[in-house]
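Structure at a glance
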Amino acid sequence: MIHFVGAGCGAADLITLRGKKMLEEADVIIYAGSLVNPELLSWKKECCEVYNSAKMTLEEVFAVMKQAEADGKTTVRLHTGDPSVYGAIREQMDLLNEAGIDYDVVPGVSSFCGAAAALKMEYTLPDIAQSVVITRMAGRTPVPERESVRSFAAHRTTMVLFLSAGLLDKASEELIAGGYDPKTPAAIVYKASWPDERTYICTVDTLYECAKKNEVSKTALIIVGDAVAQTGYRRSDLYNPAFETGFRPTKE
Ligand code: SAH
């Protein structure tokens, strides 16, 4: 059995209870060494085999899984954040399907949630933004043209850019060309939830300078949109005494 487990975005205690139990019971752990906190490995069994997938190809990862399965072992494939977001799990699961190997997935705290926590921010503020666009700049990995940052920018809602900290001059250009006012608030969150977490507030047109000045070029998320200011919103209906919900009838 293979368990794909979301490690959470940094701090070891952000893994789920289920994920931790699986780590404690695993015979083999294959972890994404570029971003997963190595502290998580302290819960492994003494005899557990550990592999760092940052140094491996898909074929090598699959070979380890296949051998473990043949030996009747349990494998944890530990991915950073939540495995469904830029986790490259589909290709692994398809190989497992072909080989008839059973697997399941345990979600994790994605870095876009960790970043909001670091900023003490609500992405979806009434009257300001009710959608969150999760995307990335095209880099060595292309992005389909219909999903360009420029095209999403037309919505001027909250946008979270993954994998783009090294492309901020171009990102600003695209965001502004697409519709954000250059002075729209923006944030850079470096290593959300890690001990060396850092957050910076700037504007869409100063993203590049801000990152450069603070020496941020990777392991960061860029958040843009009026919601970053966290002001000017309407209070929620959900907790408004005049608004009835199934759980909370209005008082007579
Ligand atoms: N599955 C992961 C994302 C993997 S892609 C998740 O759910 O978070 C790797 C990118 O995620 C990095 O380039 C960076 O943009 C972002 N990232 C991962 N961990 C981060 C963290 N702790 N703080 C800020 N950004 C992070």
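Now for a look at the structure at hand.

The rules behind the values
Residues numbered from 1 in each chain as written. Predicted model: local features only at pLDDT ≥ 70, side-chain atom pairs only at ≥ 80, totals over all residues. Heavy atoms only, no water. Patch = residues over 30% accessible without salt bridge, like charges linked within 9 Å, V, L, I, M, F, W, Y side chains within 5 Å. Areas by Shrake-Rupley, 256 points an atom, 1.4 Å probe, with all protein chains shown as cover. Salt bridge = Lys/Arg side-chain N within 4 Å of Asp/Glu carboxyl O. Helix = DSSP H or I, 4+ residues; strand = E, 2+ residues; numbered from the N terminus. Buried < 20%, exposed > 50% of the residue type's maximum accessible area, 1.4 Å probe, protein only. Near = heavy atom within 4 Å. Polar contact = N/O pair within 3.5 Å; in protein donor to acceptor, adjacent residues only side chain to side chain. Nonpolar A, V, L, I, M, F, W, Y, C, P; charged D, E, K, R; others polar. Pairing = 2+ DSSP bridges. Axes fitted to C-alpha atoms, helices over the stretch in contact; angles between N-to-C directions. Contact = heavy atoms within 4.5 Å.

1. Things to note about a nonpolar patch on the surface
On the surface, Tyr86, Ile134 and Leu163 cluster together into a nonpolar patch covering about 270 Å² of accessible area. Positionally, Tyr86 belongs in the loop between β4 (75–79) and α3 (90–99). Residue classification places Tyr86 among the partly exposed residues on the basis of a relative accessible area of 41%.

2. Re the site of the ligand
Close contacts around the ligand come from 18 residues, with Val85, Ser110, Ser111, Ala192 and Ala220 the closest. Thr80 places a main-chain nitrogen or oxygen 2.9 Å from a nitrogen atom of the ligand. Interatomic distance of 2.7 Å between a side-chain N/O atom of Ser111 and an oxygen atom of the ligand. Here the ligand, which alone exposes 540 Å², has 94% of that area covered by the protein. Residues that form the shell around the ligand fall into these classes: 11 nonpolar, 5 polar and 2 charged.

3. What to know about the sheet that holds strand β1 (residues 2–6)
Spatially, the 5 strands line up as an open sheet ordered β3-β2-β4-β1-β5, and their pairing is parallel. In this open sheet, the two edge strands, each paired with only one partner strand, are β3 (49–52) and β5 (103–106). Taking each pair of neighbouring strands and ignoring which way they run, the sheet shows an average axis angle of 15°. In this fold helix α1 (residues 17–25) packs onto β1, β2 (28–31), β4 and β5, with an angle of close to 135° to the strand it touches most, β5.

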